Amino acid sequence: MTRLKEILQIEAGWLSEAERCPSPNYNQRPDAVPPRLLVIHNISLPPAKFGGGYIRDFFLNQLDSTVHPYFETITSLQVSAHLLIERNGHLVQFVGFDQRAWHAGQSHYCGADNCNDFSIGIELEGTDTIPYTERQYLQLARVTAALFAYYPEMSAARVTGHSDIAPQRKSDPGPAFNRYYFDRLLKRELHG
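Owing to the predicted nature of the structure, the values given are computational and were not obtained by experimental measurement.

Colleague: So what exactly am I meant to see when it comes to the overall build of the protein here?
Modeller: Tallying secondary structure elements over the protein gives five helices and 12 strands in all. Taking 192 residues into account, the globule formula puts the C-alpha radius of gyration at 16 Å, and the protein, at 16 Å, falls close to it. Expressed as lengths along the three principal axes of its C-alpha atoms, the size of the protein is roughly 50 × 40 × 30 Å. Looking at the protein as a whole, 54% of its 192 residues are labelled buried. If you take every contact in the protein between residues at least 6 apart in sequence, the share linking residues at least 24 apart comes to 72%. Looking at the protein as shown, the accessible area adds up to about 9,100 Å², and 50% of this sits on carbon and sulfur atoms. A gap of 6 Å separates the mean positions of the 18 positive and 21 negative side-chain charges of the protein.

Here it is in structure tokens:
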């Protein structure tokens, strides 16, 4: 297992190594509720295709609906995630972690509804069935360790998939996500 650079830093809710692409699709957390849950998602646009910058366009409300027939079905949606981890491990942050990104939709976790209020959403460029890359796992572990250091209410017990908080609607990150491997990498990031 390769280790990437030093520990990531978060400053004023923004990740030091991430490319910043501020999305208009966010608002304030209610009563300054701190994040306590990490939700792992996947996304590919068009479905099962990687690259092209379409995810970025989607989260910035700039998706050209004429490029692909699928885009016509989603171009009017206003959604975002806090962070995208591309196939090559590149980090793109759309919403500050202190803000409420619109990633979870109708959701429920441990007796609480509206997970966007208290969660951070990270998108992995991928699908439920295509294996994620080593760089994505490494970056996800690094980002998660940084989030735990910055937000004391977050912990390994509060990392979940979109499918776990919206099981009737969502299936991501899917069976392709190797939770055991991610947990091993995270443990290494946290404890050396």
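Colleague: Sorry if this is basic, but what is going on with the sheet that holds strand S5 (residues 37–43) here?
Modeller: Whenever strands of a sheet pair, they do so through backbone hydrogen bonds, lying parallel or antiparallel. Pairing is mixed across the open sheet formed by six strands, whose spatial order is S3-S7-S6-S11-S5-S12. The open sheet has two free edges, formed respectively by strand S3 (19–20) and strand S12 (159–161), since each of these has just one partner strand. Bridging between S3 and strand S7 (residues 91–93) involves two bridges; their strand directions are parallel. Within the sheet, the bridge partner assigned to Arg-20 lies in S7 and is Gln-93.

Colleague: Any chance you could explain helix H5 (residues 179–191) here in plain terms?
Modeller: One turn of the α-helix equals 3.6 residues, which is why residues spaced by three or four share an orientation. End to end, H5 covers 18 Å across 13 residues, agreeing with the expected 18 Å (1.5 Å per residue, within 8%). Capping the start of H5 is the job of one residue whose side-chain oxygen sits 3.3 Å from the backbone nitrogen of Tyr-180: Asn-178.

Colleague: Would you mind showing me how to read the packing of aromatic side chains here?
Modeller: Given two aromatic rings, one states the distance between the centres and the angle between the planes to describe the pair. The tally for this structure, following the rule as stated, stands at nine aromatic pairs. On the numbers, 5.9 Å between centres and 45 degrees between planes, the contact of Phe-177 with Phe-182 is tilted. Residue classification places Phe-177 among the buried positions, given a relative accessible area of 10%. In textbook terms, an aromatic cluster arises when at least three aromatic residues are bridged by ring pairs, as seen for Tyr-132, Tyr-137, Phe-177, Tyr-181 and Phe-182. The ring of Phe-118 is capped by Arg-36, whose NZ or CZ atom sits 4.0 Å from the centre of that ring. The ring of Phe-50 has Arg-87 lying over it, and the distance from NZ or CZ to the ring centre is 4.2 Å.

Colleague: Sorry, what's going on with the pattern of salt bridges here?
Modeller: Two side chains with opposite charge may pair up if their charged atoms get near one another. In this structure the tally under the stated criterion is five salt bridges. We note a salt bridge from Arg-142 to Glu-17, for which the minimum N-O separation is 3.3 Å. Taken together, the residues Arg-142 in helix H3 (residues 134–150) and Glu-17 in the loop between strand S2 (14–15) and S3 connect sequence positions 125 residues apart. With a shortest N-O distance of 2.6 Å, Arg-100 and Asp-117 are connected by a salt bridge. Taken as a pair, Arg-100 in strand S8 (residues 99–101) and Asp-117 in the loop between strand S10 (112–113) and strand S11 (119–125) lie far apart in primary sequence, 17 residues in all. Given a relative accessible area of 16%, Arg-100 falls into the buried group. Salt bridges sharing partners connect three or more residues here, namely Glu-19, Arg-56 and Glu-86.

Procedures and definitions
Residues numbered from 1 in each chain as written. Predicted model: local features only at pLDDT ≥ 70, side-chain atom pairs only at ≥ 80, totals over all residues. Heavy atoms only, no water. Helix = DSSP H or I, 4+ residues; strand = E, 2+ residues; numbered from the N terminus. Rg over C-alpha atoms; globule rule 2.2 N^0.38 Å. Buried < 20%, exposed > 50% of the residue type's maximum accessible area, 1.4 Å probe, protein only. Contact = heavy atoms within 4.5 Å. Areas by Shrake-Rupley, 256 points an atom, 1.4 Å probe, with all protein chains shown as cover. Lys, Arg positive; Asp, Glu negative; His and termini not counted. Charge placed at Lys NZ, Arg CZ, Asp CG, Glu CD. Pairing = 2+ DSSP bridges. Expected span 1.5 Å × (residues − 1). Polar contact = N/O pair within 3.5 Å; in protein donor to acceptor, adjacent residues only side chain to side chain. Phe/Tyr/Trp six-rings, centres within 6.5 Å; stacked < 30°, edge-to-face > 60°. Lys NZ or Arg CZ within 6 Å of the ring centre and 35° of its normal. Salt bridge = Lys/Arg side-chain N within 4 Å of Asp/Glu carboxyl O.

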